[in-house]
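Structure at a glance
Residues per chain, in single letters:
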Amino acid sequence: MNTGAPPQDTDTNEGWVLEIQTKLHQWASNGPERRFDDLYNLVTDPRLLAVAWKRVRSNRGARSAGVDGATARYITAVRGEEAFLAGLRDDLKTRKYRPQPVRERMIPKPNGKKRRLGIATVRDRVVQAALKLVLEPIFEADFEPCSYGFRPGRRAQDAIAEIHYFASRSYEWVLEGDITACFDEISHSALMDRVRARIGDKRILALVKAFLMAGILGEDGVQRDTITGTPQGGILSPLLSNIALSCLDDHFAGQWEANCKNQTDRQRRRRRDQPIVRLVRYADDFVAMVFGTREHAEALRGEVAAVLQPMGLRLSETKTRIAHIDEGFDFLGFRIRRHRQRGSNKQYVYTYPSKAALANIIGKVRKLTREALNHTLEALLIRLNLILRGWTNYFRHAASKKTFSYLDDITWHRVAIWLRHKHRHRNWKWLHRHYLPGWRPAEGSVTLFDPKKIVIVRYRYRGANIPKPWFSRRDGSTTEPSA
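The present account deals with the structure reproduced in this document. Predicted model only: the values in this text are computed from it and were never measured. (Residues numbered from 1 in each chain as written. Predicted model: local features only at pLDDT ≥ 70, side-chain atom pairs only at ≥ 80, totals over all residues. Heavy atoms only, no water.)

**A few points about the overall build of the chain**
- Along the chain, the regular secondary structure elements total 17 helices and 13 strands.
- If one aligns the C-alpha atoms of the chain with their principal axes, the spans along those axes are about 75 × 70 × 45 Å.
- Counting across all 483 residues of the chain, residues that qualify as buried make up 49%.
- Element-wise, carbon and sulfur atoms account for 49% of the exposed surface of the chain, whose accessible area totals about 24,200 Å².
- The centroid of the 83 positive side-chain charges in the chain is displaced by 7 Å from the centroid of its 53 negative side-chain charges. (Helix = DSSP H or I, 4+ residues; strand = E, 2+ residues; numbered from the N terminus. Buried < 20%, exposed > 50% of the residue type's maximum accessible area, 1.4 Å probe, protein only. Areas by Shrake-Rupley, 256 points an atom, 1.4 Å probe, with all protein chains shown as cover. Lys, Arg positive; Asp, Glu negative; His and termini not counted. Charge placed at Lys NZ, Arg CZ, Asp CG, Glu CD.)

Encoded structure:
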């Protein structure tokens with residue numbers, strides 16, 4: 001594919017990349033069996049590498065260094081961006097490029113365990129970003145609408161809205177799926193088979209496999225081979241994990257097309273007491289909504305396990321559970337449950353922030369207000385406001401008014417306690433005059449964010465018609481899937 005001479009203007013580069021992505025996506029959508037044979041020239045194009053570098057440089061992870069110790073700031077200040085990209089492109093063109101091992105960092109989880117994060121070098125991140133720019137539009141043409149995690153234009157609230165939609169239409173039994181160490185156990189051979197179904201360029205395939213096999217430099221300084229899995233933290237890893245887990249989406253979508261596509265088929269299955277199943281997945285978290293009985297939901301365990309087994313994945317026996325919508329279940333931080341509406345005899349499905357999610361944000365507030373007494377109140381409020389705004393914006397589409405009020409009370413009291421500890425010899429009158437105007441903690445131009453002022457708005461369910469970024473003309477209507 002002839003890519004032409006590289007323009008220097010950043011906006012021109014972005015426009016050119018978007019145009020190429022749109023063509024790739026349209027070709028993939030129009031030809032479900034098409035394999036793409038000449039993509040390596042796109043990955044090595046200076047315009048695409050410049051866009052990939054821009055995205056790596058502007059990412060929060062740009063401050064982290066890989067095994068070579070280089071950060072994005074170091075490359076900009078010392079090596080120079082043009083020299084860096086020119087050298088990287090030369091290595092790619094001459095096939096001398098080899099990914100380096102990722103640097104391991106263990107991140108604590110709320111349950112006390114640790115999650116492995118792999119930090120790639122900046123050089124490897126740019127190549128991964130370039131690969132993603134080329135591969136994502138192709139595979140997005142094949143991904144099913146039931147998948148929401150790490151996909152352009154999709155978010156967790158879409159998954160929750162779809163669960164609410166089906167739960168409100170008598171899909172009452174739920175299989176909550178939990179995949180054991182998903183990112184660590186994906187079979188490389190099975191994953192590459194799914195990539196080869198669309199990609200015929202052997203140079204691209206070799207590059208993807210090289211990243212999978214790059215290895216990990218542990219925190220103990222020992223380098224280990226990676227014979228399975230995709231390291232969490234890599235730019236390309238979310239796309240590769242979605243390619244692997246799309247086997248689950250394809251399985252249930254195929255069943256729907258074969259047995260439940262029209263209303264007549266669904267009515268026939270209901271009369272025969274046969275289950276109807278809809279899958280909702282967000283990365284490696286998924287729920288299977290069942291129109292049927294508990295026995296039907298229990299039978300899904302073995303079915304899902306059989307689908308995941310060729311990918312080298314296993315369902316967790318302890319964390320995979322069956323729940324009824326009247327009992328409720330947690331998913332992506334939300335509590336989803338059906339109960340009677342206050343003041344009436346009607347039952348509705350409600351979504352709330354889960355207890356675990358509330359405990360997590362309160363833990364962060366307590367941690368911030370237990371330390372840094374040598375900092376100013378303004379600095380504390382800036383940090384608190386960031387996490388409070390992010391948390392409340394995530395849950396503002398749920399029935400969260402009481403939760404937000406409770407969170408505000410807890411935060412106010414924690415800040416007040418922090419002020420009392422910081423100014424031990426001052427009374428409340430002095431604190432009120434200096435830091436609590438109107439009894440709202442404030443200093444300088446910063447006031448403590450008030451979660452109670454967040455307006456609760458029902459999330460607009462977008463159905464299967466979520467627009468993708470590679471079409472210039474976007475239809476604003478929604479298409480709800482059949483239930």
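**Some words on the sheet that holds strand β9 (residues 329-331)**
- As summarised here, the arrangement of the 3 strands in space is β9-β10-β11, forming an open sheet in which the pairing is antiparallel. What marks the edges here is a single partner per strand, and that holds for β9 and β11 (347-353). Pairs of neighbouring strands in the sheet enclose a mean axial angle of 30 degrees, with direction left out of account.
- In terms of strand pairing, strand β10 (residues 334-340) meets β11 through 7 bridges, oriented antiparallel. Note that in β11 the partner of F334 across the bridge is P353. (Pairing = 2+ DSSP bridges. Axes fitted to C-alpha atoms, helices over the stretch in contact; angles between N-to-C directions.)

**A look at the side chain of S187**
- For S187, the position within the fold is in the loop between α8 (182-185) and α9 (188-196).
- Not counting residues up to four positions away in its chain, the partners in contact with S187 are P310, M311 and G312. (Contact = heavy atoms within 4.5 Å.)

**Here we look at the pattern of salt bridges**
- By the definition in use, this model includes 31 salt bridges.
- The partner of K23 in a salt bridge is E19, with the nearest N and O atoms 3.7 Å apart. Of this pair, K23 and E19 both sit in helix α1 (residues 10-30), separated by 4 residues, roughly a single helical turn.
- The exposure class assigned to E19 is partly exposed, which follows from its relative accessible area of 44%.
- Its salt-bridge partner being D91, residue R123 comes within 2.2 Å of it at the nearest N-O pair. Placement of the pair is R123 in helix α6 (residues 122-140) and D91 in helix α5 (residues 81-93), with a sequence separation of 32 residues.
- You can call D91 partly exposed: its relative accessible area is 22%.
- A network of salt bridges, in which partner residues are shared, links D408, R440, D450 and K452. (Salt bridge = Lys/Arg side-chain N within 4 Å of Asp/Glu carboxyl O.)

**Side note on a positive patch on the surface**
- A surface patch of positive charge is lined by K109, K113, R115 and K319.
- When you line up the elements, K319 lands in the loop between α13 (294-308) and β8 (321-324). (Patch = residues over 30% accessible without salt bridge, like charges linked within 9 Å, V, L, I, M, F, W, Y side chains within 5 Å.)

**Some remarks on the packing of helix α14 (residues 355-370) against helix α16 (residues 401-422)**
- Two elements in contact, α14 and α16, have axes whose closest approach is 9 Å; the angle formed by their N-to-C orientations is 15 degrees. Put simply, α14 runs roughly parallel to α16. With respect to the hand of their crossing, α14 and α16 are arranged in right-handed fashion. Judged by residue contacts, L358, I361, I362, V365, R366, T369 and R370 of α14 engage T403, Y406, L407, I410, T411, R414, V415 and W418 from α16. (Parallel < 35°, antiparallel > 145°, perpendicular 65-115°, else oblique. Left-handed = near helix turned anticlockwise from the far one by under 90°.)

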